[in-house]
Amino acid sequence: MIQIAVLGYGTVGSGVVEVINTNHSSINKKAGEEINIKYVLDLRDFPGDPIQEKVVHDFDIILNDPEIRIVVEVMGGVEPAYTFTKKALLAGKSVCTSNKELVARHGAELLDIARERNINYLFEASCGGGIPIIRPLNSSLTADEIDEITGILNGTTNYILTSMIQDGSEFADVLKKAQELGYAERNPEADVEGYDACRKIAILSSLAFGRQVDFEDIYTEGISNITAADIKYAKAMDMNIKLLAYSKKVGECFYAMVAPALLGPNDPLYSVNGVFNAIFVHGNVLGDAMFYGSGAGKLPTASAVVSDVVDEAKHLHRNIMSFWSSHKLELTDISNSQKRFFVRAKGDPKTELARTEEIFGTVRPVIVPELEGEYGFVTEIISEAQYKAMAERHGKVISRIRIRHS
């Protein structure tokens, strides 16, 4: 019997307990041994819940119990999760987690400790909820040189943008509805400002490129400035707006960014709607692959965590994760990256387009009749630095959205 401890009995922690109890027989069969939850660590008590008999409030009880072989960290946040995880690994216990914030900040260090002790630190649930992506990057795709990862990595923002496209609503109205439905937190900043997606793409990039990508180095924009007017232009162009997190190798340069983008109907991410997530991977041998599914939620995330428990149970004395070096990957300044931009500007297109082309070069105008006093246009492929200089010279730009693969 393999004894495990679960740190945190919130949404994901209770989901882990539920998944193990519901699929106990098949999980044991796949692990090759019976998995038993011996402890659940939480500050609270849960009277009336069968889990109460396993609840402890002191982490040292778990740390000092030699029977505990696997620790499931689903507390969230950096502390005390980091301290508990590090102590568990140093004590020779494997750890698995869904904690993207912790993995993004300390993943390389914790992997090093696990490697030194021939145990495991796994985090399949940290980037795509129930979508399997970490394991493919570390096993199925090891023959490839990955040169691009692009993802819709946040279900809250994807739900909001999908609803804005479908209903023509303003951001604030859809956010309120998302909060009422439980898709958005009371404080939605981490989601809508792109911080959640930023941490996830930092983890995926570190794995894909083999070196530490610091999330603080990634240029990040959220969706709070997307308006119903932007949606009207997107519809006029037969495009969707998505919050994309991407990292890309171009020659010897590595770029990473989180920002809203316009996608055309031929893009594989165009039809990923609602709370669903998708991760697009390009390899030099494989070509294109996409991973799609529920990017969040209690049971999908818990399912991914339990899959790591099974993997660790099967490899109790063998490290299976070793492709993320602590050496830092220096990202290239995004001012050098190139793409097309959709731009909204003030003025009458009949009189302003000629001047716009003097500054931006050849553009494709986009006119939405009901939006008087402004017009839109699509630039040729230019760098971020060129766009910035042109926009300042133009002086009447309202906003811009980057265009993916157009």
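Residues numbered from 1 in each chain as written. Predicted model: local features only at pLDDT ≥ 70, side-chain atom pairs only at ≥ 80, totals over all residues. Heavy atoms only, no water.

A. Molecular detail of the overall build of the protein chain. Regarding its fold elements, the protein chain presents 15 helices and 19 strands. For the protein chain, whose C-alpha radius of gyration is 23 Å, the value lies close to the compact-globule estimate of 22 Å for 406 residues. Here the protein chain holds 406 residues, and 56% of them are scored as buried. Per element, the accessible surface of the protein chain, about 17,300 Å² overall, is 49% carbon and sulfur. Across the protein chain, the centroid of the 42 positively charged side chains sits 1 Å from that of the 55 negatively charged ones. (Helix = DSSP H or I, 4+ residues; strand = E, 2+ residues; numbered from the N terminus. Rg over C-alpha atoms; globule rule 2.2 N^0.38 Å. Buried < 20%, exposed > 50% of the residue type's maximum accessible area, 1.4 Å probe, protein only. Areas by Shrake-Rupley, 256 points an atom, 1.4 Å probe, with all protein chains shown as cover. Lys, Arg positive; Asp, Glu negative; His and termini not counted. Charge placed at Lys NZ, Arg CZ, Asp CG, Glu CD.)

B. Quick peek at the packing of aromatic side chains. The full count for this structure, using the stated rule, is 11 aromatic pairs. Each ring, one from Tyr-9 and one from Phe-46, has its centre 4.8 Å from the other, and the planes form 75°; the classification is edge-to-face. Highlighted residues: Tyr-9 in the loop between strand 1 (2–7) and helix 1 (11–22) and Phe-46 in the loop between strand 2 (35–41) and strand 3 (55–56), separated in sequence by 37 residues. Across the pair, exposure class does not vary: Tyr-9 and Phe-46 are buried alike. Residues Phe-341 and Tyr-387 carry aromatic rings whose centres are separated by 4.7 Å and whose planes lie at 15° to one another, so their mutual orientation is stacked. Within this pair, whereas Phe-341 is found in strand 15 (residues 338–346), its partner Tyr-387 is found in helix 15 (residues 384–394), the two being separated by 46 residues in sequence. We note that Phe-341, like Tyr-387, is buried. Here the aromatic residues Phe-341, Phe-360, Tyr-375, Phe-377 and Tyr-387 are joined through ring pairs into a cluster of three or more. The ring centre of Phe-215 lies 4.4 Å from the NZ or CZ of Arg-199, which sits over that ring. (Phe/Tyr/Trp six-rings, centres within 6.5 Å; stacked < 30°, edge-to-face > 60°. Lys NZ or Arg CZ within 6 Å of the ring centre and 35° of its normal.)

C. Spotlight on unusual backbone geometry. A cis geometry characterises the amide bond from Glu-79 onward to Pro-80, with omega recorded as 5°. The residue Pro-80 is located in the loop between strand 4 (68–73) and helix 4 (81–90) in this model. The phi angle at Asn-118 is positive, at roughly 60°, despite the residue not being glycine. Using a relative accessible area of 37% as the deciding quantity, one classes Asn-118 as partly exposed. The phi dihedral of Asp-238 falls on the positive side, at around 55°, and the residue is not glycine.

D. Helix 13 (residues 298–314), seen in detail. Relative to the 24 Å expected for 17 residues at 1.5 Å per residue, helix 13 spans 25 Å between its end C-alpha atoms, a close match to the ideal helical length. Among all positions of helix 13, only Thr-301, Ala-302, Ala-304, Val-305, Val-306, Asp-308, Val-309, Val-310, Asp-311, Glu-312 and Ala-313 are buried. (Expected span 1.5 Å × (residues − 1).)

E. Structural detail: the nonpolar core. Ranked by size, the top nonpolar core spans 119 residues in total, and within it Ile-62, Tyr-121, Phe-123, Ile-160 and Leu-204 carry the most contacts. By residue number, the principal contributor to this core is helix 11 (residues 195–209), which donates 9 residues. Sequence-distant contacts of Leu-204, defined by excluding residues within four places in its chain, comprise Cys-127, Ile-133, Ile-134, Leu-137, Ile-149, Leu-153 and Ile-279. Membership of the second largest hydrophobic core comes to 12 residues, among which are Phe-341, Val-343, Phe-360 and Tyr-387. (Core = buried A, V, L, I, M, F, W, Y, C linked by side-chain atoms within 4.5 Å. Contact = heavy atoms within 4.5 Å.)

F. Looking closely at the packing of helix 5 (residues 100–116) against helix 11. Relative to each other, helix 5 and helix 11 sit at 45°, their axes nearing to 9 Å. As judged from the angle between their axes, helix 5 and helix 11 are oblique. Remark: the crossing between helix 5 and helix 11 carries left-handed chirality. In contact with Lys-100, Glu-101, Val-103 and Ala-104 of helix 5, helix 11 contributes Asp-196, Arg-199, Lys-200 and Ile-203. Within the contact of helix 5 with helix 11, the residues separate by chemical class into 3 nonpolar, no polar and 5 charged. (Axes fitted to C-alpha atoms, helices over the stretch in contact; angles between N-to-C directions. Parallel < 35°, antiparallel > 145°, perpendicular 65-115°, else oblique. Left-handed = near helix turned anticlockwise from the far one by under 90°. Nonpolar A, V, L, I, M, F, W, Y, C, P; charged D, E, K, R; others polar.)

G. Structural context of the pattern of salt bridges. In the structure shown here, the tally under the stated rule is 25 salt bridges. Lys-38 is the partner of Glu-67 in a salt bridge, and the nearest nitrogen-oxygen pair spans 2.6 Å. Placement of the pair is Glu-67 in the loop between helix 3 (59–63) and strand 4 and Lys-38 in strand 2, with a sequence separation of 29 residues. Relative accessible area serves as the criterion here: at 25%, Lys-38 is assigned to the partly exposed category. Linked by salt bridges that have partners in common, Glu-221, Lys-339, Glu-384, Arg-400 and Arg-402 make up one network. (Salt bridge = Lys/Arg side-chain N within 4 Å of Asp/Glu carboxyl O.)

H. View of the sheet that holds strand 4. The sheet built from 6 strands is open, its strands ordered 3-2-1-4-5-6 with parallel pairing. Since the sheet does not close on itself, it has two edges, and those belong to strand 3 and strand 6 (121–122), each with one partner. Inspection of the sheet shows strand 1 paired to strand 4 by 5 bridges, in the parallel sense. Looking at strand 4, one finds that Ile-4 is bridged to Ile-70. (Pairing = 2+ DSSP bridges.)

I. Structural detail: the pairing of strand 19 (residues 397–403). As judged from the 2 bridges shared by strand 11 (residues 253–263) and strand 19, these two strands associate in the parallel manner. The residue bridging Leu-262 from the neighbouring strand is Ile-403, located in strand 19. Relative to strand 19, strand 15 runs antiparallel, the two sharing 6 bridges. Bridge pairing in strand 19 links Ala-345 to Val-397.

J. Structural view of a nonpolar patch on the surface. Taken together, the side chains of Phe-276, Met-290 and Tyr-292 define a hydrophobic patch exposed on the protein surface, amounting to about 280 Å² of accessible area. Here Phe-276 lies in strand 12 (residues 276–283). (Patch = residues over 30% accessible without salt bridge, like charges linked within 9 Å, V, L, I, M, F, W, Y side chains within 5 Å.)

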